[in-house]
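Report on the structure
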Amino acid sequence: MVSQPPSPRLVSGGSLVWVEGTSAIRWGFGARVIRRVFGSGVLACAVALVAAPVPSASAGLLRQLSLGTAGASNAVNVGATMGPDRAWVGLVQTVGGVKRLYADFALNGRFGRPVVADRGNPVVNAGLAGSADGGSGGNAVLAWTELVGNVHVLFARSLSSNGTVGPVVQVSAANQDAVFDGADMLVPFDRTHAIAMNDKGAAALCYFDAAGMQSFLATLAPHSNQWATHQMACSDPHIDTAGDVFASVGADANNKFSAAMLIGGQVRTEIIDSNVNPGDEFAVGLGAGGTALALGRDNNQKPLAYLKPNLASSGGWENVGPLDGGLIPSGFSLEDPFAALDAHGNGIVVFRDNNNNNPEGYYRSVVAGTPMGGAVLDHSMSRLRPVVNALGTPFVAYSAADFNSGFLNIFNAGVPGSAVPLAPGLGPYDVPSLTSIAVDAGGDVLVLLSVAGPPQTVAAVFGDFSSPTLRPVVPRRIRAGRRVLLRSGAADAFAEPSNSEIRWNLPSAVRGRRSTTGLSIPVTFRKRGRFRIIVTATDPQGHRTSKTLTVRVS
């Protein structure tokens, strides 16, 4: 449902406070609550986890949600991030002929209403990045350029994991004319990421000063709202857990294949391979643990892939190419390579060929930074949009061959699953950019869709693929004929479990119903002995987790 313009009101799940003319914007959903109810007693039971089957992708996709503000038109997403039971989305929309920037926050799969995030001037470009686990420094960061007079100024603000939007901070200097390629407002052409954040809340972004004709990397430390700038080559920033930034790959001043990095706060440039004449299609891959991949092709169209196991080390780069691994037929060349890596350097690289008559998209699994086996993933010209969760499981979203719909493919042990339609029944839409997909650490996913107009709109599709967790607790001593309290903690990465989703199966020796629901239930055992109790949590998508407790009653 399309939301109304920002104004103070109650929203489902909590209250909203919006103070016009200030930086205080807050959704009152409250801090993240994972229901954990523990008694004072000690766990006195044998607990066995009953594993639930891995759900199919179609079983986990929720119905699409329309995003945007009533009265605005031509919405474009500029980024999404997803953490435990919450998500942030950035939207640029046209209001009264002027592009404005909005931020929207979701809790338990439900968005509030978008709020204006810019300062009131026309927005030229914007980008959003975040951390998959919520990060101690905040869940996300939003950056954008506004046209102030005849100069473009770059601003940013933090987006915290409890729904608070932080104050506006100017990133570019007073004498600069900033160009920030967060997302193309008409046709996103996303060979690079313009902004990135690690799981500690540190962030990095690239911009270009058109006045001084220089490129800059700007960095944000955790728990800070002040950006530091570094004049250096920067086009595709990725930041690892240590805070080191892989800023770009490509040709240096001497036309050598090189990498630009910020290591320990110091600018570093390295020659990747002095024997390569770099061409184009460059891309960066960086895992949270520092595993780095430099991708692209040389001036003879030969695909390139180079590995550095630890970006911060003084060691050189290892040639692990050619990137396509022989998958692209002779006579065609590689286009649009992207990589997604976990903390151990495991994940995926994707790319496509430039065959206009029979185009195909490909993947190769990555193990410890080295591309391994792969195959065709998609028969279209669509760019493939990859992310990985904390376990290195790849999720790939892409548009259909006619660019009127889209698919999600979830890998299992390095092998793609079935392509699942993202939004069956929705009108013409596509998966427009790398900013369109985000995944949390456990493997729940958010995909943003560009829905054809007029006016153009944005839809969000959540995927709930993680099962709930349970931590049942019973008192140390249970005596027949006396009432006791059985309790269980419960949590779910996508949405907080409710009382109705926790069910207890009780033996006949327990007074009352054979089955009851709740995180905490009072029961009375009629007699002494050993009894088996099963507690089960089932989320709205049907994912189920059960634990069996054997209790002794004296």
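Rules and cut-offs
- Residues numbered from 1 in each chain as written.
- Predicted model: local features only at pLDDT ≥ 70, side-chain atom pairs only at ≥ 80, totals over all residues.
- Heavy atoms only, no water.
- Helix = DSSP H or I, 4+ residues; strand = E, 2+ residues; numbered from the N terminus.
- Buried < 20%, exposed > 50% of the residue type's maximum accessible area, 1.4 Å probe, protein only.
- Contact = heavy atoms within 4.5 Å.
- Areas by Shrake-Rupley, 256 points an atom, 1.4 Å probe, with all protein chains shown as cover.
- Pairing = 2+ DSSP bridges.
- Core = buried A, V, L, I, M, F, W, Y, C linked by side-chain atoms within 4.5 Å.
- 1 Å grid on protein atoms, 1.4 Å probe; cavity = no way out; pocket = protein on both sides within 12 Å on 5 of 7 lines; lining within 4 Å.
- Points joined across faces, edges and corners; volume = space filled by probe spheres on them.
- Nonpolar A, V, L, I, M, F, W, Y, C, P; charged D, E, K, R; others polar.
- Salt bridge = Lys/Arg side-chain N within 4 Å of Asp/Glu carboxyl O.
- Patch = residues over 30% accessible without salt bridge, like charges linked within 9 Å, V, L, I, M, F, W, Y side chains within 5 Å.

1. What about the overall build of the chain?
In terms of regular secondary structure, the chain is built from 1 helix and 49 strands. Across the 554 residues that make up the chain, the buried fraction comes to 54%. Of the contacts made within the chain by residues no fewer than 6 positions apart, 52% connect residues no fewer than 24 positions apart. For the chain, the accessible surface area stands at approximately 22,500 Å², while carbon and sulfur atoms represent 50% of it.

2. Concerning the sheet that holds strand 47 (residues 520-525)
An order of 42-43-47-45 is seen for the 4 strands of this open sheet, with the pairing classed as antiparallel. Edge positions in the sheet fall to strand 42 (469-473) and strand 45 (510-511), since each of these pairs with one other strand and no more. Bridge count for strand 42 against strand 43 (residues 483-491) is 5 bridges, and the pairing is antiparallel. By the bridge assignment, Thr-469 is partnered in strand 43 with Ala-491.

3. A few points about the nonpolar core
Core analysis: the biggest nonpolar cluster contains 22 residues, and Leu-486, Ile-502, Trp-504, Leu-506, Val-523, Phe-525 and Val-551 have the highest contact counts within it. Of all the secondary-structure elements, those providing two or more residues to this core are strand 43, strand 44 (502-505), strand 47, strand 48 (529-538) and strand 49 (544-553). Among the elements that make up this core, the one with the highest residue count is strand 48 (4 residues). Core analysis: the second largest hydrophobic core is formed by 20 residues, Val-387, Phe-395, Ile-437 and Val-461 among them.

4. Notes on the layout of surface pockets
Of the voids in this model, the largest pocket is the one considered here, and its volume is about 1,100 Å³. What lines the largest pocket is a set of 50 residues, among which Gly-130, Met-197, His-238, Val-387 and Val-388 lie closest to the centre. Of all the elements in the fold, those that place two or more residues in the lining of the largest pocket are strand 6 (73-83), strand 11 (123-130), strand 17 (195-197), strand 21 (238-239), strand 25 (278-286), strand 29 (334-341), strand 33 (385-388) and strand 39 (437-439). The leading source of residues in the lining of the largest pocket is strand 6, at 5 residues. The residue makeup of the lining of the largest pocket, split by class, is 30 nonpolar, 14 polar and 6 charged.

5. Brief notes about the pattern of salt bridges
When their charged atoms lie close together, side chains carrying opposite charge are able to pair. Within the structure shown, the criterion is met by 10 salt bridges. The residue Glu-146 makes a salt bridge to Arg-119 at a minimum N-O spacing of 3.3 Å. Note that Glu-146 is positioned in strand 12 (residues 140-148) and Arg-119 in the loop between strand 10 (115-116) and strand 11, a separation of 27 residues in sequence. Given the relative accessible area of 0%, Glu-146 is considered buried. By relative accessible area, Arg-119 is classed as partly exposed at 46%. A salt bridge links Lys-308 to Glu-270; its shortest N-O distance comes to 2.8 Å. Within this pair, whereas Lys-308 is found in strand 27 (residues 303-308), its partner Glu-270 is found in strand 24 (residues 266-273), the two being separated by 38 residues in sequence. Of the two residues, Lys-308 and Glu-270, neither departs from the other in class, the shared state being buried. Here the salt bridges do not stand alone but share partners, grouping Asp-280, Glu-281, Arg-297 and Glu-335 into one network.

6. Digging into a nonpolar patch on the surface
A cluster of nonpolar residues, Val-179, Phe-208 and Met-213, forms a patch on the protein surface that exposes about 270 Å² of accessible area. Within the secondary structure layout, Val-179 lies in strand 16 (residues 178-179). Classification of Val-179 as partly exposed rests on a relative accessible area of 35%.

7. Considerations on the pairing of strand 19 (residues 214-220)
Across the 7 residues that make up strand 19, a large majority, 6, are buried. Pairing geometry for strand 18 (residues 203-209) and strand 19, over 7 bridges, is antiparallel. Bridge pairing in strand 19 links Ala-204 to Thr-219. Hairpin remark: strand 18 followed by strand 19, antiparallel, with 4 residues in the connecting loop; positive phi at Met-213, about 55 degrees. Bridge count between strand 19 and strand 20 (residues 227-231): 5 bridges; the pairing is antiparallel. Across the sheet, the residue bridging to Leu-217 is His-230, located in strand 20. Counting the residues between successive antiparallel strands, the hairpin from strand 19 to strand 20 contains 6 residues, one of them, His-223, with a positive phi of roughly 65 degrees.

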